[in-house]
Amino acid sequence: MFKSIVTELRLIKGVFLKSNKFLKSREDVSFKNLYNFIILRYFYIRPFFRFLVKGKKISGPKKITDDYLQLNLDIETILNDLKSNAGYSKGYNINQNVIDQIIDHYTSDKKNIETDTQLKNFLNDNNLKTENLIKKNDEDFETYIQRIIEMGTHQIRFADKDLDQNSVMSKLIRSEPLIKLAQNYLNSKNISIINEMVISLPTKKNIKIDVLKQSSQTFHRDLVSKNFFKAFVFLSDINNNDGSHVYLEGSHKKNFNDETNKNDLSIEALYKDYKKKEISGKKGDLFFGDTFCLHKGSNPKNNYRLLLILTFFTGTSLQTQNKKNITQINI
Ligand SMILES: [Fe+2]
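Because the structure is predicted, anything quoted here is derived from the model rather than measured.

Q: Honestly, the domain arrangement of the protein in this entry has me stumped. Any pointers?
A: It is common to report an interface's size as the accessible area lost on association of the parts. Along its sequence, the protein is carved into domain 1 (1–42) and domain 2 (58–330). Using C-alpha coordinates to define each centre, domain 1 is positioned 27 Å away from domain 2. Contacts between the two partners involve five residues from domain 1, matched on the other side by five residues from domain 2. For the side of domain 1 that touches domain 2, the element with the most residues is helix 2 (residues 31–42), which contributes four residues. Taken together, the residues of the side of domain 1 that touches domain 2 sort by class into two nonpolar, three polar and no charged.

Q: Honestly, the nonpolar core in this entry has me stumped. Any pointers?
A: Burial of nonpolar side chains together is a common tendency in soluble globular proteins. Judged by nonpolar contacts, the single largest core of 56 residues is most densely connected at Val233, Leu235 and Phe312. Excluding residues that lie within four positions of it along the chain, Leu235 makes contacts with Ile99, Ile102, Ile103, Lys283, Leu306, Leu307 and Leu308.

Q: Would you mind going over the environment of Lys262 with me for this structure?
A: The topology assignment puts Lys262 in the loop between strand 7 (245–248) and helix 11 (264–270). Since 16 C-beta atoms lie within 10 Å of it, Lys262 is described here as partly exposed. In this structure, the C-alpha to C-alpha distance between Lys262 and His220, residues 42 residues apart in sequence, is 9.4 Å.

Q: Got a minute to help me understand the packing of helix 4 (residues 75–83) against helix 9 (residues 176–186) in this structure?
A: Working note: a packed helix pair is described by the angle between its axes plus the distance between those axes. Where helix 4 meets helix 9, the axes come as close as 10 Å, and the angle between the chain directions of the two elements is 45°. Classified by the interaxial angle, the pair formed by helix 4 and helix 9 is oblique. Our pair here, helix 4 against helix 9, has a crossing hand that is right-handed. Within the contact between the two elements, helix 4 uses Ile75, Ile78, Leu79 and Leu82 and helix 9 uses Lys180, Leu181, Asn184 and Tyr185. In terms of residue class, the contact of helix 4 with helix 9 is built from six nonpolar, one polar and one charged.

Q: Which parts of the structure should I look at to understand the environment of Gly55?
A: Summarising the element assignment, Gly55 is placed in the loop between helix 3 (47–50) and strand 1 (63–66). Counting along the chain gives 42 residues from Gly55 to Asn97, while the straight-line C-alpha distance between them is 33 Å. Once residues lying within four places of it in the same chain are set aside, the contact partners of Gly55 are Leu79, Asn184, Tyr185, Leu186 and Asn187.

Q: I'm lost on the pairing of strand 7 in this one. Help?
A: Successive residues of a regular strand alternate their side chains across the two faces of the sheet. Examined bridge by bridge, strand 7 and strand 8 (residues 276–279) share four bridges and lie antiparallel to one another. Bridge pairing links His245 to Ile279 in strand 8. The pairing of strand 7 with strand 10 (residues 295–297) spans three bridges and is antiparallel. Bridging from a neighbouring strand, Val246 pairs with Lys296 of strand 10.

Q: Just to check I follow, could you spell out unusual backbone geometry for this structure?
A: For residues other than glycine, phi is negative in most cases, and the peptide bonds are mostly trans. The backbone of Gln70 sits at a positive phi, close to 55°, despite the residue not being glycine. We classify Gln70 as partly exposed; it has 14 C-beta atoms within 10 Å. In this structure, Asn127 takes a positive phi of about 55° despite not being glycine. Among the structural elements, Asn127 can be located in the loop between helix 6 (117–125) and helix 7 (141–151). Judged by local crowding, Asn127 falls into the exposed class, with 7 C-beta atoms found within 10 Å.

Q: I'm lost on the pairing of strand 5 (residues 190–200) in this one. Help?
A: Of all the 11 residues making up strand 5, nine are buried; the element is thus mostly covered by neighbouring parts of the structure. The pairing of strand 4 (residues 155–158) with strand 5 spans four bridges and is classified as antiparallel. The partner of Ile156 across the bridge, within strand 5, is Ile199. Across five bridges, strand 5 lies against strand 12 (residues 326–330) in antiparallel orientation. Each bridged residue has a counterpart across the sheet, and for Ser192 the counterpart in strand 12 is Gln328. In terms of strand pairing, strand 5 meets strand 11 (residues 305–314) through nine bridges, oriented antiparallel. Counted as the bridge partner of Ile194 is Thr311 from strand 11.

The rules we used
Residues numbered from 1 in each chain as written. Predicted model: local features only at pLDDT ≥ 70, side-chain atom pairs only at ≥ 80, totals over all residues. Domains from an automatic or database assignment. Contact = placed C-beta atoms within 7 Å. Helix = DSSP H or I, 4+ residues; strand = E, 2+ residues; numbered from the N terminus. Nonpolar A, V, L, I, M, F, W, Y, C, P; charged D, E, K, R; others polar. Core = buried A, V, L, I, M, F, W, Y, C linked by C-beta atoms within 7 Å. Buried ≥ 20, exposed ≤ 12 C-beta atoms within 10 Å, placed from the backbone. Axes fitted to C-alpha atoms, helices over the stretch in contact; angles between N-to-C directions. Parallel < 35°, antiparallel > 145°, perpendicular 65-115°, else oblique. Left-handed = near helix turned anticlockwise from the far one by under 90°. Pairing = 2+ DSSP bridges.

What follows is the structure, encoded as structure tokens:
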């Protein structure tokens, strides 16, 4: 009893400190944003509240196919996997030709590159411009990748902020299997989708811990909104411990325990009873995850890693308010 009161007070203190930090970090803080922040940080870090809003029954067919993508989804299985102790659902794939188009879609346009502080510093330090990171018209993909590996950066993030209705990414995001899954899992007809592609590169340099954190290469939880899940598509072959997706199975069913400032070893010790799982696979493989679960991308040691991340969510997302790579779909 006493222990649970102490834990609760510690949590309230944590929410208070984070709210303060949130207020200081933003110029456009409104009462609504602060209210959402507190609701999310205090209630939606608990499985009881998180699972209250998730889809309970499936309307319509349970198996859905998209011929263009050659994607078949068994919606019921995925819903059960995501809501179960597994928290992840894998074993799906997308046509290779579509995958090549997705890679081309992101890497051929300078406006898709996310120039965060880390990338800006890298470009300044090496006297490079954003356009140097784009695949040239006459360049094949392997030549392009080798060229950017030699530049020495460890990660490039892409996002399409102005998605063309006829683009391959629009076809994927709006495909019936994904929309039906989102509609059922999120229990909503208003869905928001964030699109991102990440190229992670092997580097000989030692990467600082804060850079690894920013690159999602240390254990963390995602808290996008009160209801969300992610779809991950491997756009290159991924081996174990070389860019694979690592997660602690079942940790999404455990209350958030302020792991933010803990390193990977401390988190693994804290969650020693939770199985560490690794997802690797072939180019075109697709899997889904409740990324409130503790997870990270393993650092690529020998090969590059290309990953497409689609975040499906409902409600207000605090992290993404200023981002424009969000597609709204009303079914
Ligand atoms: Fe994440």
